Amino acid sequence: MTTESPAPPGRIDTAALRQRYRAERDKRLRPDGNDQYLRLTGELAYYLDDPYTPRTERAPLTDHRTVVCIGGGFAGLVVGARLREAGVDVRIVEKGGDFGGTWYWNRYPGAMCDTAAMVYVPLLEETGHMPTEKYVHGPEILAHCRRIGEQFGLYDDALFHTEVSGLRWDESESRWLIETNRGDRLTAQFVVLGAGLLHVPKLPGIPGLTSFRGHTFHTSRWDYDYTGGDATGARMDKLSDKRVGIIGTGATAVQCVPHLATAARELYVFQRTPSSVDVRNNHPIDPDWFAEIATPGWQQRWLENFTHNQTGQPATEDLVQDGWTEIARRMWGKIATLPAEHRNPAGMLAVLEESDFEKMEEIRARTDEVVLDPDTAQKLKAWYRQLCKRPCFHDEYLQSFNLRNTHLVDTDGKGVERITETGVVVAGQEYELDCIIYASGFEVGTPFTRRSGFDLTGRGGQALSSYWADGMRSLHGIHVHGFPNVFVVQPFQGANLISNVPHNIVDSAKTITTIVRHTLDRGFGAVEVTKDAEAAWLELLATGPGGTIGGPDCTPGYYNNEGQELGANQWLPRGYPYGASAYFSYIDTWRRAGAFEGLEFSR
Ligand code: NDP
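Counting starts from 1 at the beginning of each chain's written sequence and moves along it residue by residue. Side-chain atom pairs in this predicted model are given and counted only at pLDDT of 80 or more, local residue features only at pLDDT of at least 70, and totals for whole chains, interfaces and linings cover all residues. Calculated side-chain values reflect all of the structure's heavy atoms, with hydrogen atoms and water omitted.

Asks: Please explain the overall build of the protein chain as it appears in this structure.
Replies: Secondary structure counts use DSSP, requiring at least four H or I residues in a row for a helix and at least two E residues in a row for a strand, with both numbered from the N terminus. A count of helices and strands for the protein chain gives 19 helices and 21 strands. Only C-alpha atoms enter the radius of gyration; for comparison, a globular chain is expected to reach 2.2 Å times N to the power 0.38, where N is the number of residues. The C-alpha radius of gyration of the protein chain comes to 24 Å, within 12% of the 25 Å expected for a compact globule of 603 residues. Viewed in the frame of its principal axes, the protein chain has a C-alpha envelope of about 70 × 65 × 55 Å. Burial status across the protein chain gives 57% buried among its 603 residues. Contacts are assigned to residue pairs that have any heavy atoms within 4.5 Å of one another. Taking contacts inside the protein chain between residues at least 6 apart in sequence as the whole, the part at least 24 apart equals 71%. Methods summary: accessible areas were calculated by the Shrake-Rupley approach with a probe of 1.4 Å, and residue burial reflects only the protein chains presented. Carbon and sulfur atoms provide 50% of the accessible area of the protein chain, an area that totals close to 24600 Å². Think of it this way: Lys and Arg go in the positive column, Asp and Glu in the negative one, and His and the chain ends go nowhere. For this purpose, a charge sits on NZ of Lys, CZ of Arg, CG of Asp or CD of Glu. Of the charged side chains in the protein chain, 62 are positive and 79 negative; the average position of the first set lies 2 Å away from that of the second. Note on classification: 1.4 Å probe, protein chains only; a residue is buried when its accessible area is under 20% of the maximum for its type, exposed when over 50%, partly exposed between these limits.

Asks: Is there a simple way to explain the nonpolar core in this structure?
Replies: It is characteristic of soluble globular proteins that their nonpolar side chains tend to be buried jointly. What is meant by a nonpolar core is a set of buried Ala, Val, Leu, Ile, Met, Phe, Trp, Tyr and Cys residues, joined one to another through side-chain atoms within 4.5 Å. Residues Val67, Phe487 and Leu599 are the most contacted members of the largest nonpolar core, which totals 72 residues. Apart from residues lying up to four places away in sequence, Phe487 is in contact with Phe190, Val191, Val192, Leu193, Ile478, His479, Ile512, Ile515, Val516 and Val527. Core analysis: the next-biggest nonpolar cluster, separate from the first, contains 37 residues, Tyr224, Cys256, Leu260 and Ala263 among them.

Asks: What is the right way to read the side chain of Asp318 from this model?
Replies: Assignment of secondary structure puts Asp318 in the loop between helix H10 (298–311) and helix H11 (323–336). The definition of a polar contact used here is a pair of N or O atoms within 3.5 Å, where within protein one atom must be able to donate a hydrogen and the other to accept one, and adjacent residues in sequence count solely through side-chain atom pairs. Separated by 3.0 Å, the side chain of Asp318 and the backbone nitrogen of Gln321 make a polar contact. For Asp318, the side chain forms a polar contact with the side chain of Arg329, separated by 2.3 Å. Non-local contacts of Asp318, meaning those with residues more than four positions away in its chain, are made with Asn305, Asn309, Thr325 and Arg329.

Asks: Mind showing me how you'd approach the site of the ligand here?
Replies: Taken together, the neighbourhood of the ligand is formed by 26 residues, with Asp114, Thr252, Thr273, Lys389 and Tyr558 sitting nearest. In this structure, Lys389 approaches the ligand through a side-chain N or O atom, which is 2.6 Å from an oxygen atom. Calculation on the ligand without its partners gives an accessible area of 920 Å², and the protein chains cover 90% of this total. It is helix H8 (residues 251–263) that contributes the most residues to the shell around the ligand, three residues altogether. Just so you know the grouping, Ala, Val, Leu, Ile, Met, Phe, Trp, Tyr, Cys and Pro go in nonpolar, Asp, Glu, Lys and Arg go in charged, and all remaining residues, Gly too, go in polar. Residues that form the shell around the ligand fall into these classes: 13 nonpolar, nine polar and four charged. Being near a molecule or strand, for a residue, comes down to having at least one heavy atom within 4 Å of it.

Asks: When you look at the sheet that holds strand E8 (residues 215–218) in this model, what are you seeing that I'm missing?
Replies: Hydrogen bonds between backbone atoms are what pair the strands of a sheet, whose relative direction is either parallel or antiparallel. Strand pairing requires that DSSP identify at least two bridges connecting the strands. Spatially, the five strands line up as an open sheet ordered E8-E17-E9-E10-E13, and their pairing is parallel. Strands with a single pairing partner mark the edges of an open sheet, and in this sheet they are E8 and strand E13 (406–410). Averaged over all neighbouring strand pairs, the angle between strand axes comes to 20°, with direction disregarded. H8 rests against strand E9 (243–247), strand E10 (266–271), E13 and strand E17 (435–438) of the sheet, and its axis sits at about 175° to E9. A fitted line through C-alpha atoms serves as each axis, taken over the contacting stretch for helices, and the angle formed by two N-to-C directions is quoted from 0 to 180°.

Asks: Explain the sheet that holds strand E16 (residues 429–432) to me, please; I cannot follow it from the model alone.
Replies: Strand order in the open sheet formed by three strands is E14-E15-E16, and the pairing between neighbours is antiparallel. Each of the sheet's edge strands pairs with one partner strand only, and the pair in question is strand E14 (418–419) and E16. Of the strand pairs in this sheet, strand E15 (residues 423–426) and E16 are connected by four bridges, and their pairing is antiparallel. Looking at the pairing, Val426 lines up with Gln429 of E16.

Asks: Please explain the pattern of salt bridges as it appears in this structure.
Replies: Here a salt bridge means any side-chain nitrogen of Lys or Arg lying within 4 Å of a carboxyl oxygen belonging to Asp or Glu. Tallied over the entire structure, the rule returns 45 salt bridges. The partner of Arg20 in a salt bridge is Glu24, with the nearest N and O atoms 3.1 Å apart. In this pair, Arg20 and Glu24 are both assigned in helix H1 (residues 14–28), four residues apart and thus about one turn of the helix distant. For Glu24, a relative accessible area of 10% gives the class buried. Between Asp114 and Arg280 there is a salt bridge whose closest N-O contact spans 3.0 Å. With Asp114 in the loop between helix H3 (102–105) and helix H4 (117–120) and Arg280 in the loop between strand E11 (277–278) and helix H9 (287–293), the pair connects residues that are 166 residues apart, well separated along the chain. Judged on exposure class, the residue Asp114 and its partner Arg280 are both buried. One network of salt bridges, with partners in common, ties together Asp278, Glu326, Arg330, Lys334, Glu354, Glu358, Lys359 and Glu362.

Asks: Looking at this structure, I do not really get unusual backbone geometry. What am I missing?
Replies: Note: most peptide bonds trans; most residues except glycine with negative phi. Positive phi is not limited to glycine here, since Asp412 has a value of about 50°. By the secondary structure assignment, Asp412 is in the loop between E13 and E14. Taking the relative accessible area as the measure of exposure, Asp412 reaches 33% and is therefore partly exposed. Of note in the backbone geometry, Phe596 takes a positive phi value of approximately 50° without being a glycine. By the secondary structure assignment, Phe596 is in the loop between helix H19 (580–593) and strand E21 (599–602). Of the residues examined, Phe596 reaches a relative accessible area of 2% and is grouped as buried.

Asks: Looking at this structure, I do not really get the layout of surface pockets. What am I missing?
Replies: To locate leftover empty space, one rolls a probe as large as a water molecule over the atoms. Within this scheme a cavity is a closed region of a 1 Å grid, computed over the protein atoms alone, that accommodates a 1.4 Å probe without allowing it to escape, whereas a pocket is open but has protein on both sides within 12 Å along at least five of seven lines; lining residues each have an atom within 4 Å of a point. Grid points are joined across faces, edges and corners, and a volume is the space filled by probe spheres set on the points. The volume enclosed by the second largest pocket comes to roughly 280 Å³. Lining of the second largest pocket is provided by 16 residues; of these, Asp49, Pro51, Arg221, Trp222 and Asp223 occupy positions nearest its centre. Elements represented by at least two residues in the lining of the second largest pocket include exactly E8 and helix H7 (224–227). Each residue belonging to the lining of the second largest pocket can be placed in one class, and the counts come to eight nonpolar, three polar and five charged.

Asks: I would appreciate a short explanation of the packing of aromatic side chains in the present structure.
Replies: Aromatic ring pairs are reported here in terms of the distance separating the ring centres and the angle at which the planes meet. Under the pairing criterion, centres of Phe, Tyr and Trp rings, with the six-membered ring standing for Trp, must be within 6.5 Å; the plane angle then separates stacked pairs below 30 degrees from edge-to-face pairs above 60, leaving the rest tilted. Counted under the stated rule, the structure contains 35 aromatic pairs. Measuring from centroid to centroid gives 5.3 Å for Phe74 and Tyr120, while their planes differ by 55°, and the two rings are tilted. Here the residue Phe74 occupies a position in helix H2 (residues 74–85), and Tyr120 occupies one in helix H4, the gap between them amounting to 46 residues. Comparing Phe74 with Tyr120, the two get one shared label, buried. Measuring from centroid to centroid gives 4.9 Å for Phe99 and Phe160, while their planes differ by 75°, and the two rings are edge-to-face.

Asks: Help me understand empty space enclosed by the protein, please; the structure alone is not making it clear to me.
Replies: Under the defined criterion, the tally for this structure stands at four cavities of 30 Å³ or more. Space inside the second largest cavity adds up to approximately 70 Å³. Surrounding the second largest cavity, His476, Ile478, Gln490, Pro491, Gly494, Ala495, Asn504, Asp507, Ser508, Thr511, Tyr583 and Phe584 form its lining. Those elements that place two or more of their residues in the lining of the second largest cavity are helix H17 (501–521) and H19. Sorting elements by how many residues they give to the lining of the second largest cavity places H17 first, with four residues.

What follows is the structure in structure tokens.
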């Protein structure tokens, strides 16, 4: 097995690699799965406080809107914008102090998007905004969210720092009654659920966590008052005399560690599982180039091209050319060389594994090239397949470990042992700290109603939590039987395109707007998916690959439900069996046909 440099294709000791991957996974498997994490309630609730916008008092509201969108991130903004364009009055209810969703909360230094801006940032064409970089930074995305809010008049009616606490379908009036934590009693004919996928921060259940006497916060509530600096990357000058520990080495830590490393007196990075960190190669976008390519319909063309290159046989042109499309290019390049007799599922899987092994060998070799201390380099290597965990791309993360003040504390897959009043303990050794930052991620795999913070009571008093007790049930991931006039905005049971969630959202917004307009124009009161159509859709989904992204052989993480079997209360993370591109084309035809097969409209 090679560790120092990538082995030439065909020279990788695949048996040894498989064994190593299994051993690394087994080290990390734990019986408590998702239960290892702490819910931020009770004495931990202060971790959720909004450090960015002061909350203003207001009187409770009791009024009616045609549509209420819950969530003011990309989902609420894009659906809201499309509805406004279609002349529908819409109100957004948002728990944060402004629009932005994930980009409102995640203002940690270095925050940026790993998916190319041309396809990730929605409504670029409509707003005329040119991204400044191939991969844009968080503040630019947050500003864009505000731009959408302003351009489409979504601020006029928005309720910020407001959390929905309950939703009940009023059968006699064909409308939803919506209660909030601000005492509002709103009504709406339609409700859009767009709370997002990764929005409930979680903490690791490390013994002694609450005993720490120093300063502490979660990365999604960055405390610039304590650290100094700001979200644009200004140096965190208040850390120059501080010993800082960061727990977690996922995509968030990979982006903020370089900033902490240059600011803190000492930085300790507590690692349970290393991320795979490939090159970033970011660059500014050239306005002349942009002016040339930004012809009418350009963003839709880019979206389709990216999705196609990534999930289907690559097209001749790869507009985005990033790490995601490279995975597909590499795989299809190999398939093209397969002799005809090996072009079967087993042959394809072997090719997939081989190209993954090669890629990961390259990534591990890069660690050796960049990190000067061989022991540290060894510990920073990821021993799993690239899509087992969220792949990361960064040009300064690994380099940070060459700084004298930056220390990798590898826990050999075990995680932090204990937290004391004064620091963090790993393998019996205490690291004294002034501040602990939790880069420990967000709830995934917990029930939808727990993450959203409310339940829905639909037709006949049915609760969504009980309807989905054995997993999500929907048509197209949008419509749920028994819950008329509700639209869910998320990728599962639709395109299931995880690498570019906004593409799912942009497309759902078209569907929702078309259906709302149709319902209103024909004078209907309600629209609902039939039981049969929902069942038939689920049956179709069951013919394709489903389950978790990484699969059970992967090292545990939120991609594979922490290595646990998917059971009750889990989303059913399946997509259209023929792939994301095929789904977008199918749904476009479904929308255009105008019959909205599977939906029932009533007065
Ligand atoms: P993650 O869930 O990816 O990472 C959490 C980290 O905490 C992991 O390294 C985990 O280790 C570690 N951890 C958990 N418990 C312990 C413990 N007891 N001791 C030590 N370490 C522990 O969260 P992130 O916030 O990094 O990322 C969440 C997601 O947000 C990403 O996967 C990505 O989808 C998204 N994101 C997207 C970005 C973008 O570019 N668009 C940028 C940043 C984030 P282990 O791996 O062993 O579980």
